[in-house]
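Single-letter residue listing:
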Amino acid sequence: MNQSWYPAHTFNGDSSWFGGVRSLSINPSRQIIACGSDDNTIRLWDLNTLTAVIHKNISN
């Protein structure tokens, strides 16, 4: 079986944050993506508006 993958959305922003993404989780029923990055932040993205709805620093 041969599968092709195509991006559904492209997020634009601070490339240093996007370059440091270490984890990603998608909730398709709510159209939300959760990302964790090297700078100790977690962001929740709304796929309908393509905006970060929560931005939380988890440092100490």
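Here the structure is shown first, and the text comes after it.
Our subject in this report is the structure included herewith. The structure presented is a predicted model; accordingly, all values stated were derived computationally and were not measured.

1. Digging into the side chain of Thr41
- Among the secondary structure elements, Thr41 is positioned in strand S3 (residues 41-46).
- On the accessibility criterion, Thr41 (4% relative accessible area) is buried.
- Polar side-chain contacts of Thr41 include one of 3.0 Å to the side chain of Ser37.
- Among the polar contacts listed, one links the side chain of Thr41 to the side chain of Asp39, at a separation of 2.6 Å.

2. What about the sheet that holds strand S2 (residues 32-37)?
- What the four strands build is an open sheet, ordered S1-S2-S3-S4; its pairing is antiparallel. Whereas interior strands pair on both sides, the edge strands pair on one side only; in this sheet they are strand S1 (21-27) and strand S4 (51-57). Averaged over all adjacent pairs, the angle separating strand axes in this sheet is 15°, with direction ignored.
- Sheet topology note: the S2/S3 ladder contains five bridges and is antiparallel. Note on S3: the bridge partner recorded for Ala34 is Leu44.

Cut-offs and rules
- Residues numbered from 1 in each chain as written.
- Predicted model: local features only at pLDDT ≥ 70, side-chain atom pairs only at ≥ 80, totals over all residues.
- Heavy atoms only, no water.
- Helix = DSSP H or I, 4+ residues; strand = E, 2+ residues; numbered from the N terminus.
- Buried < 20%, exposed > 50% of the residue type's maximum accessible area, 1.4 Å probe, protein only.
- Polar contact = N/O pair within 3.5 Å; in protein donor to acceptor, adjacent residues only side chain to side chain.
- Pairing = 2+ DSSP bridges.
- Axes fitted to C-alpha atoms, helices over the stretch in contact; angles between N-to-C directions.

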